[in-house]
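The primary structure of each chain is shown beneath.
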Amino acid sequence: MKLIDSIKKDFNTMTLVLIPVAIAINVVIGQIVVLLRLPVYLDSIGTVLVGAICGPWAGALTGTLSNIIWGLLIDPNAFPWFPVALFIGFVSGWCAHFGLFRTWWGVVVTGFLVAITAAIVSTPIAVYLYGGITASGSSFITAFLLQTGRDLVSAVLSTNFLVEPVDKIATALLAYAIIRGLSRRYLMRFPRAENVMPKQA
């Protein structure tokens with residue numbers, strides 16, 4: 001019963017309004033990054049935002065829907081990564097629940113924890129579905145590591161551990177900047193607003 005109540009708490013009217021906006025942010029920025037072949041992703045800003053102020057379940061749903069919609073409508077290569085997006089939203093939400101979204105350094109820790117999770121979850125997808133070489137610009141790093149004699153799994157995992165912390169910390173800080181730009185009165189309309197309120201506020 002507690003689990004059901006926890007899930008229900010994440011979803012109020014404001015959550016349902018924010019999720020489509022967050023999905024649009026993810027897809028637009030993510031697609032720009034793919035087209036520019038940048039060695040980062042930045043396709044989870046909306047997911048982390050929802051996870052922080054609406055909760056882990058809403059964050060997980062946002063991440064999942066982002067990749068499914070992106071994959072079905074624009075880029076089929078985005079679809080297989082939805083489990084990674086799910087965990088990004090879930091972990092972000094729980095980090096916020098434990099107070100890590102109240103300070104900038106807590107947000108950095110959140111980004112690092114999300115990065116570790118994303119690296120672990122994404123490695124099997126990259127290896128078994130794409131042979132380690134994906135549409136991301138980070139594949140240049142993987143290719144280089146393979147040329148140095150690394151095995152495929154080691155090369156992909158090493159690439160993920162190099163790229164993910166930079167990407168996810170930047171993503172978390174951008175989401176934090178958005179939250180800090182919202183008025184307290186507006187923020188309080190979201191179900192988990194207390195998770196991101198500074199202690200002195």
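Only a predicted model underlies this, so the values are computations on that prediction, with no experimental measurement involved.

Section: the overall build of the chain
Counting its secondary structure elements, the chain contains 9 helices and 0 strands. When the elements of the chain are put in sequence order from the N terminus, they spell out α-α-α-α-α-α-α-α-α. Computed over its C-alpha atoms, the radius of gyration of the chain comes to 17 Å, within 12% of the 17 Å expected for a compact globule of 201 residues. Seen through its principal axes, the chain has C-alpha atoms that stretch 55 × 35 × 35 Å. Taken over 201 residues, the chain has a buried fraction of 49%. Taking contacts inside the chain between residues at least 6 apart in sequence as the whole, the part at least 24 apart equals 70%.

Things to note about the pattern of salt bridges
All told, the structure shown has 4 salt bridges when counted by the stated rule. Note that Asp10 and Arg192 form a salt bridge whose closest N and O atoms lie 2.6 Å from each other. Here Asp10, found in helix α1 (residues 2-10), pairs with Arg192, found in the segment after α9 (184-187); they are 182 residues apart in sequence, far enough to count as distant. One continuous salt-bridge network, built from bridges that share partners, spans Glu164, Asp167 and Lys168.

Considerations on the side chain of Glu164
Within the secondary structure, Glu164 sits in helix α8 (residues 152-180). Judged by its relative accessible area of 4%, Glu164 falls in the buried class. Polar contacts involving the side chain of Glu164 include one to the side chain of Lys168, which spans 2.5 Å. In contact with Glu164, not counting residues within four places along its chain, are Tyr41, Ala115, Ala118, Ala119, Ser122 and Ile169.

Regarding the nonpolar core
What tends to happen in soluble globular proteins is that the nonpolar side chains get buried as a cluster. Counting 36 residues, the largest nonpolar core has Ile53, Phe101, Ile179 and Leu187 as the members making the most contacts within it. Aside from chain neighbours lying at most four places away, what touches Leu187 is Ile53, Ile179, Leu182, Ala193, Val196 and Met197.

Here we look at the packing of helix α3 (residues 45-54) against helix α5 (residues 82-97)
The relative placement of two packed helices comes down to the angle between their axes together with the axis-to-axis distance. Contact geometry for α3 and α5: axes closest at 7 Å, N-to-C directions at 35 degrees. In the crossing of α3 with α5, the sense of the turn from one axis to the other is right-handed. Residues Thr47, Val48, Gly51 and Ala52 of α3 form the contact with α5, whose own contacting residues are Ala85, Ile88, Gly89, Ser92, Gly93 and Ala96. Class assignment for the residues of the contact of α3 with α5 results in 5 nonpolar, 5 polar and no charged.

As for the packing of aromatic side chains
Under the definition given, this model contains 6 aromatic pairs. Seen in terms of ring centroids, Tyr186 and Phe190 are 5.5 Å apart; in terms of plane orientation they differ by 80 degrees. Their pairing is edge-to-face. Among the aromatic residues, those joined into a ring-pair cluster are Trp57, Phe90, Trp94 and Phe98.

Quick look at the side chain of Thr171
In this structure, Thr171 sits in helix α8. Using a relative accessible area of 1% as the deciding quantity, one classes Thr171 as buried. Here Thr171 is in contact with Leu42, Ser44, Ile45 and Val48, once residues within four sequence places are set aside.

Observations concerning unusual backbone geometry
Despite not being glycine, Arg37 shows a phi value in the positive range, around 55 degrees. Positionally, Arg37 belongs in the loop between α2 (13-36) and α3. Take Arg37: its relative accessible area is 39%, and that puts it in the partly exposed class.

What about the environment of Ala170?
Residue placement: Ala170 occurs in helix α8. In sequence terms Ala170 and Phe79 are 91 residues apart; their C-alpha atoms lie 23 Å from each other.

Concerning the state of the cysteines
Within the structure shown, the criterion is met by 0 disulfides. Cys95 supplies the cysteine sulfur nearest to Cys54, a cysteine that is in no disulfide, at a spacing of 16 Å.

Definitions and cut-offs
The residue numbering used here restarts from 1 in each chain and proceeds along that chain's sequence as written. Only residues with pLDDT of at least 70 are given local features in this predicted model, and only at 80 or more are side-chain atom pairs given and counted; all residues enter the totals for whole chains, interfaces and linings. Remark: hydrogens and water are excluded; side-chain values derive from all non-hydrogen atoms of the structure. Helical segments are the DSSP runs of H or I of at least four residues, strand segments are the runs of E of at least two, and each set is numbered from the N terminus. The globule rule used for comparison is 2.2 Å times the number of residues to the exponent 0.38, while the radius of gyration itself is calculated over C-alpha atoms. Accessibility here uses a 1.4 Å probe with only protein chains present; expressed as a share of the type maximum, an area under 20% marks a residue as buried, one over 50% as exposed, and anything in between as partly exposed. Note on contacts: a residue pair qualifies if any of its non-hydrogen atoms lie within 4.5 Å across the two residues. A pair is scored as a salt bridge if a Lys or Arg side-chain nitrogen falls within 4 Å of a carboxyl oxygen belonging to Asp or Glu. Counting of polar contacts relies on pairs of N or O atoms within 3.5 Å, with two restrictions inside protein: one atom must be capable of donating a hydrogen and the other of accepting it, and residues adjacent in sequence are counted only when both atoms are side-chain atoms. As used here, the term nonpolar core means buried Ala, Val, Leu, Ile, Met, Phe, Trp, Tyr and Cys residues forming a set that is joined through side-chain atoms within 4.5 Å. Between N-to-C directions, angles cover 0 to 180 degrees, with each direction set by a line fitted to C-alpha atoms, over the stretch in contact for helices. Left-handed describes a crossing whose near helix is turned anticlockwise from the far helix by less than a right angle; the clockwise case is right-handed. Each residue is assigned to one of three groups, with Ala, Val, Leu, Ile, Met, Phe, Trp, Tyr, Cys and Pro labelled nonpolar, Asp, Glu, Lys and Arg labelled charged, and all others, Gly among them, labelled polar. Two rings from Phe, Tyr or Trp (for Trp, the six-membered ring) form a pair when their centres are within 6.5 Å of each other. A pair whose planes differ by under 30 degrees is stacked, one over 60 is edge-to-face, and the rest are tilted. Counting rule for disulfides: a pair of cysteine sulfur atoms within 2.5 Å.

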